[in-house]
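In case you want the letters, here they are:
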Amino acid sequence: MSELRNKVLVVGMDGLRFDRVLAVRPPVLTSLMASGVYGTSRLPYGEREAPRTESPGEVVPEPHEAAPGTIRARTDSGPGWSSIATGVWPDKHGVVDNGFSGQQFTKYPDFLTRALHARPGLTTAALFSWAALDEHGAFGRDIGTRVVLDGFAMTFAAADREIAARAERLLADAGPDLTFVYLGDTDEVAHDLGPHAPEYTAALLLQDADLGRFLDAVRARPGFAGERWTVLVTTDHGHVDEGGHGGTSDEERTVFVAAARLGEDLGGAELPEARLVDVAPTALAELGVEPDPAWGLEGRSIFITC
């Protein structure tokens, strides 16, 4: 019997409160957690007395004191997605807010670029509705397929619909070895109405349905029997009850990572900890890429603790 080809799908949903995930119980994500593994952690950064970021891409320039024992950065999307992409924290990748002004992506590239450089034959794709991830280089130019939409110009609801449709087709047809899909409307709604609003629940359930479409597309692939798919779902930060983030509350700093291998039952174990910097090394490990110590990655595969 021939060896299975490993493939990885990473889905990022911006601004998810994990307690709301547990309360709403979105069916697809809940099923993935039940058959895979998952865990939460608190971001090691956030600024005390920080003014709340009022929109997903807003830059809040006023300097504020970091909480003791934390890295100097706001609990914003820029630092969060940069940590997910690079596998290192803001003191290394340099992104401390949504301005990206200190970025060090040449030194600490994203995990798709790392995988490509280690295994040039891999196929890769990144699709996102927050254009800043493209504009500032959080996801590099070597990535094979890039779909970039501007959620602020289109509305994130509309941009996410297009991103989801194109991701579904791409996964069904090309089935890249490593794919990252970003959906942002949950964050937009939380900023406007807070994470307890029924509109937030609706946005979460819609993105969960998108996740289901992605998995259905993968499972319907003609070559699926010869493939081994790992799926990771994560978020970049939470929100305070009234909406917004940037500070040090548990609601803002708590994040999660869920991981599953399609067709395998890993028991739904709740891990002691799962951090944003674990996403990159998990994806790389599933593709057989051994991190070079010189890369300075600060996470590890979350499957190690299973």
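Keep in mind that this is a model prediction, so the values were computed, not measured.

Asks: Kindly report on the packing of helix α2 (residues 27–35) against helix α10 (residues 198–219), identifying the contributing residues and their values.
Replies: Orientation of α2 relative to α10, taken along the N-to-C sense of each, is 60°, at an axis distance of 7 Å. Accordingly, the angle class assigned to the pair α2 and α10 is oblique. Side by side, α2 and α10 meet where P27, V28, L29 and L32 of the first sit next to L205, D208, L211, G212 and L215 of the second. Considering only residue class, the contact of α2 with α10 consists of seven nonpolar, one polar and one charged.

Asks: Got a sec to walk through the side chain of S129? Specific residues and values, please.
Replies: Topologically, S129 is positioned in the loop between β3 (124–128) and α6 (132–135). Among the residues examined, S129 registers a relative accessible area of 0% and is labelled buried. A distance of 2.6 Å separates the side chain of S129 from the side chain of D160, its partner in a polar contact. Residues within four places of S129 in sequence aside, it is in contact with L149, D150, G151, F156, A159, D160, I163, Y182, L183 and G184.

Asks: So what's going on with the nonpolar core? Residues and values would help.
Replies: Of all hydrophobic cores here, the largest spans 48 residues; its most connected members are F111, L133, F139 and F180. The set of elements that each furnish at least two residues to this core consists of β1 (5–13), α3 (77–86), α5 (111–118), β3, α6, β5 (178–183), β7 (254–261) and α12 (279–286). In this structure L133 touches W81, F100, F128, A138, F139 and Y182, once residues within four positions along its chain are discounted. Counting 40 residues, the second-largest nonpolar core is a separate cluster that includes L29, L171, L183 and V233.

Asks: Describe in detail α3, supporting the description with residues and values.
Replies: The buried count for α3 comes to 10 of 10 residues, which makes it a mostly enclosed element. Residues of α3 that are buried: S77, G78, P79, G80, W81, S82, S83, I84, A85 and T86. Trailing α3 by a residue or two, G87 shows a phi angle of about 80°, which is positive.

Asks: Go over the packing of aromatic side chains, please, and point to the residues and values.
Replies: Scanning all chains against the criterion turns up 10 aromatic pairs. Between F18 and Y38 the ring centres are 6.2 Å apart and the planes differ by 40°, which places this aromatic pair in the tilted class. Of this pair, F18 sits in helix α1 (residues 18–24) while Y38 sits in strand β2 (residues 37–42); the two residues are 20 residues apart in sequence, bridging distant segments of the chain. In this structure, F18 and Y38 share a single accessibility class: buried.

Asks: Pulling in residues and values, what's your account of the sheet that holds β1?
Replies: On the basis of which strands lie adjacent, the open sheet formed by eight strands has the order β4-β3-β5-β1-β6-β7-β2-β8 and mixed pairing. The open sheet is flanked by β4 (145–148) and β8 (269–270), the only strands paired with a single partner.

Calculation criteria
- Residues numbered from 1 in each chain as written.
- Predicted model: local features only at pLDDT ≥ 70, side-chain atom pairs only at ≥ 80, totals over all residues.
- Heavy atoms only, no water.
- Axes fitted to C-alpha atoms, helices over the stretch in contact; angles between N-to-C directions.
- Helix = DSSP H or I, 4+ residues; strand = E, 2+ residues; numbered from the N terminus.
- Parallel < 35°, antiparallel > 145°, perpendicular 65-115°, else oblique.
- Contact = heavy atoms within 4.5 Å.
- Nonpolar A, V, L, I, M, F, W, Y, C, P; charged D, E, K, R; others polar.
- Buried < 20%, exposed > 50% of the residue type's maximum accessible area, 1.4 Å probe, protein only.
- Polar contact = N/O pair within 3.5 Å; in protein donor to acceptor, adjacent residues only side chain to side chain.
- Core = buried A, V, L, I, M, F, W, Y, C linked by side-chain atoms within 4.5 Å.
- Phe/Tyr/Trp six-rings, centres within 6.5 Å; stacked < 30°, edge-to-face > 60°.
- Pairing = 2+ DSSP bridges.

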